[in-house]
Structures are given as structure tokens and as C-alpha cells.
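# Analysis of the macromolecular model
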Amino acid sequence: QVQLVESGGGLVQAGGSLRLSCAASGSIRTITTMAWYRQAPGKQRELVARIAPSGNTDYADSVKGRVGISRDNAKMTLYLQMNSLKSEDTAIYYCNTLTTVGIVYWGQGTQVTVSS
């Protein structure tokens with residue numbers, strides 16, 4: 001069992017920055033790739049960024065150059081640094097991980113609202 005808890009969301013003006021955090025607990029040694037997804041009103045949930053245990057990363061085209069995903073494997077905490085935020089970034093952001101036994105876990109989500 002893995003539990004994921006997001007934090008760091010909130011209201012920010014366009015052009016501002018936020019850092020989201022995701023704290024993992026439980027069977028953390030089973031965690032492999034971790035990722036951030038988001039879901040905006042009226043839209044499908046989409047992958048924002050993901051990071052492998054090695055540190056290899058992938059980003060959605062919509063956020064590339066503006067965000068950075070990182071992980072602290074000692075604390076087993078995932079981060080998403082978001083800069084130059086746009087109103088289009090408004091969404092609920094979810095932490096996600098794939099375990100060594102092929103099970104996917106999700107956090108409860110944290111709301112990010114970007115005002116213009």
C-alpha cells in the first residue's frame with residue numbers, strides 16, 4: 001500500500017510561481033516512476049510530467065520550459081516547480097506513482113488556480 005498526499009496548491013497571479021509537493025508513505029520501496037497529472041474543468045486528465053528513479057524526466061509540450069519535476073528519494077517526496085504560470089494551468093493537480101508490482105496509486109489532488 002502506498003499513500004500519496006499533495007500540498008502546495010493555491011491561488012497565484014499569472015506569471016507567478018508555485019511549488020507542489022507530494023509526500024509518499026507506506027510501501028515506499030515499491031515506488032518506481034512518479035508523475036504529476038492535472039485535470040481542468042471540462043477537460044480530460046492529462047500527464048504534466050514524470051520522473052523515473054534514475055532522474056530521467058518527461059514533460060508535456062504545454063508545460064515544457066516552465067516546469068521542473070524532481071524527487072527526493074530519501075524523503076520519498078515528489079516536487080513540481082511551476083513558473084510563468086498561465087490561466088490555462090488552472091486545474092486540480094494529482095500525484096501518481098507506479099509500483100514494482102504494477103499497481104498505480106493516486107493522491108487526492110491539490111487545486112491550483114491562476115488568476116489574470
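Residues numbered from 1 in each chain as written. Predicted model: local features only at pLDDT ≥ 70, side-chain atom pairs only at ≥ 80, totals over all residues. Heavy atoms only, no water.

## Description of the packing of aromatic side chains
In this description, a pair of aromatic rings is defined by centroid distance and the angle of the planes. Counted according to the given criterion, the structure contains two aromatic pairs. With centroids separated by 5.0 Å and ring planes inclined at 65°, the aromatic side chains of Tyr37 and Trp106 adopt a geometry described as edge-to-face. Of this pair, Tyr37 sits in strand β4 (residues 31-39) while Trp106 sits in strand β10 (residues 104-106), and the two are 69 residues apart along the sequence. A relative accessible area of 22% places Tyr37 in the partly exposed class. Measuring from ring centre to ring centre gives 6.4 Å for Tyr94 and Trp106, while their planes differ by 85°; the resulting arrangement is edge-to-face. You can see Tyr94 sitting in strand β9 (residues 91-99) and its partner Trp106 sitting in strand β10, a full 12 residues away along the chain. Taken together, Tyr37, Tyr94 and Trp106 form an aromatic cluster joined through their ring pairs. Positioned above the aromatic ring of Tyr94, the side-chain terminus of Arg45 is 4.0 Å from the ring centre. In this structure, Arg45 packs its charged tip against the face of Trp106, placed 4.7 Å from the ring centre. (Phe/Tyr/Trp six-rings, centres within 6.5 Å; stacked < 30°, edge-to-face > 60°. Helix = DSSP H or I, 4+ residues; strand = E, 2+ residues; numbered from the N terminus. Buried < 20%, exposed > 50% of the residue type's maximum accessible area, 1.4 Å probe, protein only. Lys NZ or Arg CZ within 6 Å of the ring centre and 35° of its normal.)

## Description of the pattern of salt bridges
Following the criterion strictly, the structure yields five salt bridges and no others. The shortest N-O distance in the salt bridge between Asp89 and Arg38 comes to 2.9 Å. Highlighted residues: Asp89 in the loop between β8 (77-82) and β9 and Arg38 in strand β4, separated in sequence by 51 residues. Comparing Asp89 with Arg38 shows no difference in burial state: the two are buried. Measuring nitrogen to oxygen at the nearest pair gives 3.3 Å for the salt bridge that ties Asp58 to Arg50. In this structure Asp58 comes out as partly exposed when scored by relative accessible area, which is 36%. The class of Arg50 is partly exposed, set by a relative accessible area of 40%. (Salt bridge = Lys/Arg side-chain N within 4 Å of Asp/Glu carboxyl O.)

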